[in-house]
Each structure stands twice: as structure tokens, then as C-alpha cells.
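Understanding the architecture of this molecule
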Amino acid sequence: NAGVTQTPKFRILKIGQSMTLQCAQDMNHNYMYWYRQDPGMGLKLIYYSVGAGITDKGEVPNGYNVSRSTTEDFPLRLELAAPSQTSVYFCASSPVSSAGELFFGEGSRLTVL
Amino acid sequence: AQSVTQLDSQVPVFEEAPVELRCNYSSSVSVYLFWYVQYPNQGLQLLLKYLSGSTLVKGINGFEAEFNKSQTSFHLRKPSVHISDTAEYFCAVTTMDSNYQLIWGAGTKLIIKP
């Protein structure tokens, strides 16, 4: 059982480049999330989705975009990368019936130079 | 609005010694509380959760936590730690009226000394 799969695991971008972080889950979870993790700062919610076709902003959405065309996939798009977007990005999912119990991917470490 | 404070950024402890990782929260409504663990270079996984009922909650790997409403705390404890417990531990809170969005603490790194 793969759970939540994120690709790529590592990426280096130049300032101004764009890229998409992929996230897929095979647990048929309705809720999906993107977080960024910076040292000493905990996790900050970027975007989340409660089902296919429905997305909403989290705490730190600026500079990012998402889409949710299927239940399984929730890609995160970075447009015009900036050094402030250097971070570790985590995708997570949860079933509707769960109150706060999230299943996480292994993370994608992004460096913007 | 809710908030979570993890009082220690790092906790060093000798192997086989007991440990307590502290977590305090603030909220004006009833809360659900969680501890997650992140092993080096991995994603987070749920350690334990408090939704309702008994205030002493047992989780995986011998960890437990106690919900104290009067002190707005949810401290994590283990009576005897092992090298394999080396990880970062995150406390999180959510409420029904926030659509179960988690608010996270900054994390506590547990450092096990041999």
C-alpha cells in the first residue's frame, strides 16, 4: 500500500523558474493538504482540498497554486520561484471521518538559488 | 483562534531515562489534540490523539499523553526512551468549527544520549 506519494524528493530551482510538485494518494481520501516546513517554525498550511474540484487557501498561499481534478492527485505549482520558497514541502491526506488524523508523504526538499 | 506552544525546542535525555515533552494550547472552544512524530528525513506520522473521553491517551511506541483542560496542556511522556525515539515531535490542535484544520506547534527535537 503506497499511501501518499510525493515527487520529486529533491529539486534545485533558479530564481524565476516554475515547477510542479506532484502528490498522489491511493487511500480514497477526500481531504488533501499541502504544507511547508521551515526549521523551528512547525508546519504551515499552503492549500487544501476537501474533494475533487474544490480547493481553498491556507495560511501561506502566496506564490503557489493547486488543482484537484481527481480524488487521487493534488499537484502544487510554484510560479516564479523565489529564495523564500526554499523549504521542505509535505503533502497529506485524510478521510472525511477523521478529525485531524493526517497521512503524510515523505516530503519534497526544494532549494531556490 | 487557536494556538499551540511547545515549550522546548530540544530535549536531551539519556537512554532508558523518562522524558516529558510539553505542549500548551489556547482555544475558546473544545479541542481535539494530537502528537505527531517525524523521524529523520521522513514524513510525519500520528503518535496519538485526544478526541474525547479518558484524559490519558496511549499511543504507539510506548508513548502516552494527558489532556489537562484546566492547564490547557497536552504533555507527551515516555517512561524509558530508546535511541530509536530520536525524532522531532509536533503537537497540534484542531476544533470542529475550524473544519478540523490543524494548528501546529513549532516542534521539539528529542535527542537521546547513549
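Structure: above.
Small disclaimer: the values here were computed from a predicted structure and weren't measured.

Glancing now at the overall build of chain A. Looking only at helices and strands, chain A features zero helices and eleven strands. Summed over its atoms, the accessible surface of chain A is roughly 5,300 Å², and 52% of this surface lies on carbon and sulfur atoms.

Before going further, it helps to examine the packing of aromatic side chains. Note on aromatic pairs: each is described by the distance of the centres and the angle between the planes. For the structure on display, the rule yields 13 aromatic pairs over all chains. Seen from their ring centres, Tyr33 of chain A and Tyr35 of chain A are 6.2 Å apart, and the 25 degrees between their planes marks the pair as stacked. One exposure class covers both Tyr33 of chain A and Tyr35 of chain A, and it is buried. Ring centres of Phe104 of chain A and Trp104 of chain B lie 6.0 Å apart, and the angle between their planes is 75 degrees; this geometry places the pair in the edge-to-face category. One end of the pair, Phe104 of chain A, is in strand E10 (residues 103-104); the other, Trp104 of chain B, is in strand E11 (residues 103-104), on a second chain. Judged by relative accessible area, which is 12%, Phe104 of chain A ranks as buried. The buried category is assigned to Trp104 of chain B, whose relative accessible area is 9%. Here the aromatic cluster, defined as three or more aromatic residues joined through ring pairs, consists of Tyr33, Tyr35, Phe90 and Phe104 of chain A together with Phe34, Tyr36, Phe90 and Trp104 of chain B. The aromatic ring of Phe74 of chain A is capped on one face by Arg68 of chain A, whose charged end is 5.9 Å from the ring centroid.

Time to look at the pattern of salt bridges. Under the definition given, this model contains nine salt bridges over all chains. When the shortest N-O distance is used, the salt bridge between Lys44 of chain A and Glu59 of chain A registers 3.7 Å. A residue pair is termed long-range when its members are at least 10 positions apart, and Lys44 of chain A in strand E5 (residues 43-51) and Glu59 of chain A in the loop between strand E6 (54-57) and strand E7 (64-66) qualify at 15 residues. A relative accessible area of 24% means that Lys44 of chain A is categorised as partly exposed. In this structure, the salt-bridge partner of Arg77 of chain B is Glu66 of chain B, at a minimum N-O distance of 3.6 Å. With Arg77 of chain B in strand E9 (residues 73-78) and Glu66 of chain B in strand E8 (residues 64-68), this pair connects stretches of sequence that are eleven residues apart. Owing to a relative accessible area of 28%, Arg77 of chain B belongs among the partly exposed residues under this scheme.

Criteria and cut-off values
Residues numbered from 1 in each chain as written. Chains lettered and ligands numbered in written order. Predicted model: local features only at pLDDT ≥ 70, side-chain atom pairs only at ≥ 80, totals over all residues. Heavy atoms only, no water. Helix = DSSP H or I, 4+ residues; strand = E, 2+ residues; numbered from the N terminus. Areas by Shrake-Rupley, 256 points an atom, 1.4 Å probe, with all protein chains shown as cover. Phe/Tyr/Trp six-rings, centres within 6.5 Å; stacked < 30°, edge-to-face > 60°. Buried < 20%, exposed > 50% of the residue type's maximum accessible area, 1.4 Å probe, protein only. Lys NZ or Arg CZ within 6 Å of the ring centre and 35° of its normal. Salt bridge = Lys/Arg side-chain N within 4 Å of Asp/Glu carboxyl O.

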